[in-house]
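Read off the chains here:
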Amino acid sequence: MASASTSKYNSRSLENESIKRTSREGVNLELSDIVPRLPGETLITDKEVIYICPFNGPIKGRVYITNYRLYLRSLEMDSALILDVPLGVISRIEKMGGATSRGENSYGLDITCKDMRNLRFALKQEGHSRRDMFEILTKYAFPLAHSLPLFAFLSEEKFNVDGWTVYNPVEEYRRQGLPNHHWRITFINKCYELCDTYPALLVVPYRTSDDDLRRVATFRSRNRIPVLSWIHPENKMVIVRCSQPLVGMSGKRNKDDEKYLDVIRETNRQTSKLTIYDARPSVNAVANKATGGGYESDDAYHNAELSFLDIHNIHVMRESLKKVKDIVYPNVEESHWLSSLESTHWLEHIKLVLTGAIQVADKVSSGKSSVLVHCSDGWDRTAQLTSLAMLMLDSFYRSIEGFEILVQKEWISFGHKFASRIGHGDKNHADADRSPIFLQFIDCVWQMSKQFPTAFEFNERFLVTILDHLYSCRFGTFLFNCESARERQKVTERTVSLWSLINSSKEKFKNPFYTKEINRVLYPVASMRHLELWVNYYIRWNPRIKQQPNPVEQRYMELLALRDDYIKRLEELQLANSAKLSDPPTSPSSPSQMMPHVQTHF
């Protein structure tokens, strides 16, 4: 996690180091007392700098650079400032000032981060101090550009839980009641030959042969054929995902694809139509015809009903987040806050994604029809819509492990391009493939958790931790673009899963108000009046924006701790009484038998 004050490591996380430092009081300090380090993390260099803090002005400190993090400790008596930034969070490093710079603190480095921060360090002009720090930071923040491994492959962390075992596709489909008379599991993609960005295991209509699937694949972008994501436990309506059809300017048709969609519709005889939700604005879908893509026409797909959801592409989302960053860091202009926030269009995009997911969920829950979802290639907006709709429909995904399975299934196994969208270890900060699609999804989940405070087992810290490690490269979970690439790199063998960290200390990530409910469908209100900027994520680095803990949640946690203390004391009393009394039958045998005699509010 990005904050040193909240980072917790397991018992092996802090390594001993023979190098000693002398503090200002003249006492020898172990380096591990100064810089927290993970197993496998090694110190590369350290340097005295001036940190240009946007909130408190210039602060003299010492920067330590390891192969995992940039760590700054203040050297000033009246400042306890600590910066702890995983190098994976850095997107850009620029030199500030030149040889002729004369202004105070005008010569140094300017570092742009993926988590809304900018860091500026002033350095001395003599002795190539800037050049050395620039080269080392560039090398270890962007290891792929220097033929170095990502830190996840160097980490030696150990946890008592193996997060890689969380998701088993066969078990998850079995939980949904699959296979059944209408749907089968196919291993046609076992070696990723049908589609190199899909998982090895797929669920398809029972009546469709593997040869049929191969013919359909030729007419879908990137061979991403329609496959099942989720089936309703009662009405058996399904959510199916895919990519756009390759219609092109000439309006090409494919009888196999048309028949396949009709077979999907016929897996449930209660409905006469299959609803197709195209995530794109209609004008974009039409424009995609020029590059060989397109959408399903009424002429070709007689039993299908097409709706466009007007969600913009990755480039629009990237520009929108840049505008958010401009208004939240380093300064928040309160006098123009609402107009500034509106000008970013960020909450409008959140609204459209949520609105689309609500439509998908409602169509399936109401039993009106099964739903097919796609955008252009089916790995960005499609993943947002299917996973959010499944979160609304299926209470299992609102548990901690259920949500982990949802992310593994709909995002990781189905080929959301994490490496391209985040740019892990890549120095090309201006890459047009970068986009905050997964961040938007987590933001939508947070909006839902605000509206339904008892529906989710996990808390806000859980969501922030996921986003912090989306960038950190400490875990293998979000590395690479698809399952086939992870298989080639042996990610599950050579790295640790983020879910190992979370599931080994679940209590920290639990929502104390969680009330488990089966089969309750959640429909969040997606109007602008009910959406808000996630301050505890986007503006968390600003010390002037106090992150207020929920007073009700705080009090509830205190009461739970008090209850646990009462139970512990009862057990101690029972043991003491058992020892004193010579006649066991007259002694209560368990804390629960003593409970009626104790007046508490629980």
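In this text the structure is predicted, and so the values were computed from the model without any measurement.

Overview of the overall build of the chain
Tallying secondary structure elements over the chain gives 20 helices and 16 strands in all. Entry remark: accessible area of the chain is about 27200 Å², with carbon and sulfur atoms responsible for 50%.

Description of the packing of aromatic side chains
Scanning all chains against the criterion turns up 26 aromatic pairs. Ring plane angle 80° and centroid distance 6.2 Å describe the contact between Trp346 and Tyr538, whose orientation is recorded as edge-to-face. Of this pair, Trp346 sits in helix α9 (residues 346-365) while Tyr538 sits in helix α18 (residues 535-538); the two residues are 192 residues apart in sequence, bridging distant segments of the chain. Residue classification places Trp346 among the buried residues on the basis of a relative accessible area of 0%. On the basis of an interplanar angle of 80° and a centroid distance of 6.4 Å, the ring pair of Phe478 and Trp499 is categorised as edge-to-face. Here the residue Phe478 occupies a position in the loop between α14 (460-472) and α15 (483-488), and Trp499 occupies one in helix α17 (residues 498-503), the gap between them amounting to 21 residues. For the pair shown, Phe478 and Trp499 are each scored as buried.

What to know about the packing of helix α13 (residues 437-451) against α14
For the pair α13 and α14, the least separation of the axes is 10 Å and the interaxial angle reads 175°. Taken together, the axes of α13 and α14 lie roughly antiparallel to each other. Here Phe438, Leu439, Ile442, Val445 and Trp446 of α13 lie close against α14, whose contacting residues are Glu460, Leu463, Ile466, Leu467, Leu470 and Tyr471.

Quick word on the side chain of Lys47
In this fold, Lys47 is placed in strand β3 (residues 43-53). Despite its burial, Lys47 pairs with no opposite charge; the closest candidate is Asp132, at 4.7 Å N-O. Sequence-distant contacts of Lys47, that is, excluding residues within four places in its chain, are made with Gly61, Arg62, Val63, Leu123, Ser129, Asp132 and Met133.

Examining the pattern of salt bridges
By the definition in use, this model includes 38 salt bridges. The residue Glu258 makes a salt bridge to Arg253 at a minimum N-O spacing of 3.0 Å. Exposure remark for Glu258: the relative accessible area of 12% places this residue in the buried category. Here Arg280 and Asp278 are joined by a salt bridge, their closest N and O atoms 2.6 Å apart. Note on Arg280: relative accessible area 1%, which makes it buried. Connected through salt bridges with shared partners, the residues Asp46, Glu48, Lys60 and Arg62 form a single ionic network.

A word on the pairing of strand β9 (residues 118-122)
When β3 meets β9, the two strands line up antiparallel, connected through two bridges. Bridging from a neighbouring strand, Ile50 pairs with Ala122 of β9. Both strand β8 (residues 108-113) and β9 contribute to a ladder of five bridges, which runs antiparallel. Counterpart to Ile111 in the pairing with β9 is Leu119.

Quick look at the side chain of Ser497
Position of Ser497 relative to the elements: it lies in the loop between α16 (491-494) and α17. Within polar-contact distance, the side chain of Ser497 engages the backbone nitrogen of Trp499 at 3.0 Å. Each residue touching Ser497, except ones within four places of it in the same chain, is listed here: Gly163, Trp164, Phe475 and Thr477.

Observations concerning the packing of helix α7 (residues 314-328) against helix α8 (residues 337-344)
The contact between α7 and α8 brings their axes to 8 Å, and the two run at 160°. By the angle between their directions, the pair α7 and α8 is classed as roughly antiparallel. The hand of the α7/α8 crossing is right-handed. From α7, Ser320, Lys323, Val324, Ile327 and Val328 reach across to α8, where they touch Trp337, Ser340, Leu341, Ser343 and Thr344. Of the residues contributing to the contact of α7 with α8, the split by class is five nonpolar, four polar and one charged.

Some words on unusual backbone geometry
The peptide bond linking Leu178 to Pro179 adopts the cis configuration, its omega dihedral lying at 0°. In this fold, Pro179 is placed in the loop between α3 (169-175) and β10 (183-186). Of note, the amide linkage connecting Tyr329 to Pro330 takes the cis form, showing an omega dihedral of 0°. As for its placement among the helices and strands, Pro330 is situated in the loop between α7 and α8. Its identity as a non-glycine residue notwithstanding, His345 has a phi of 65°, on the positive side. The residue His345 is located in the loop between α8 and α9 in this model. Its identity as a non-glycine residue notwithstanding, Lys490 has a phi of 50°, on the positive side.

What counts, and where the lines are drawn
- Residue numbers restart at each chain and count upward from 1, following the sequence in its written direction.
- pLDDT decides what is reported in this predicted model: residues at 70 or higher carry local features, side-chain atom pairs at 80 or more are listed and counted, and totals for whole chains, interfaces and linings draw on all residues regardless.
- No hydrogens and no water enter the side-chain calculation; it runs on all heavy atoms of the structure.
- For the purposes of this entry, the term helix denotes a DSSP run of H or I that reaches at least four residues, the term strand denotes a run of E that reaches at least two, and both are numbered from the N terminus.
- All accessibility values rest on the Shrake-Rupley procedure with a 1.4 Å probe; residue burial counts only the protein chains present in the view.
- Ring pairs shown here join Phe, Tyr and Trp side chains whose ring centres sit within 6.5 Å, with only the six-membered ring taken for Trp; geometry is labelled stacked below 30 degrees between planes, edge-to-face above 60, and tilted in between.
- Whether a residue is buried, partly exposed or exposed follows from its accessible area with a 1.4 Å probe, protein chains only, as a fraction of its type maximum: under 20%, in between, or over 50%, in that order.
- Lines fitted to the C-alpha atoms define the axes, with helices restricted to the stretch that makes contact. Angles between their N-to-C directions range from 0 to 180 degrees.
- Roughly parallel means an angle under 35 degrees; roughly antiparallel means over 145; roughly perpendicular covers 65 to 115; every other angle is labelled oblique.
- Only heavy atoms enter the contact rule, under which two residues are in contact if any of them lie within 4.5 Å.
- In this tally, Asp and Glu contribute negative charge and Lys and Arg positive charge; neither His nor the terminal groups of the chain are included.
- One side-chain nitrogen of Lys or Arg within 4 Å of one carboxyl oxygen of Asp or Glu is enough to make a salt bridge.
- When DSSP finds at least two bridges between two strands, those strands are taken to pair.
- Identification of polar contacts relies on pairs of N or O atoms within 3.5 Å, with a donor-acceptor requirement for protein atoms, meaning one able to donate a hydrogen and the other able to accept it, and with residues adjacent in sequence counted only if both atoms are side-chain atoms.
- In this scheme the handedness of a crossing depends on how the near helix is turned from the far one: anticlockwise by less than a right angle means left-handed, clockwise means right-handed.
- Under the convention adopted here, Pro, Cys and the residues Ala, Val, Leu, Ile, Met, Phe, Trp and Tyr are nonpolar, Asp, Glu, Lys and Arg are charged, and Gly plus all remaining residues are polar.

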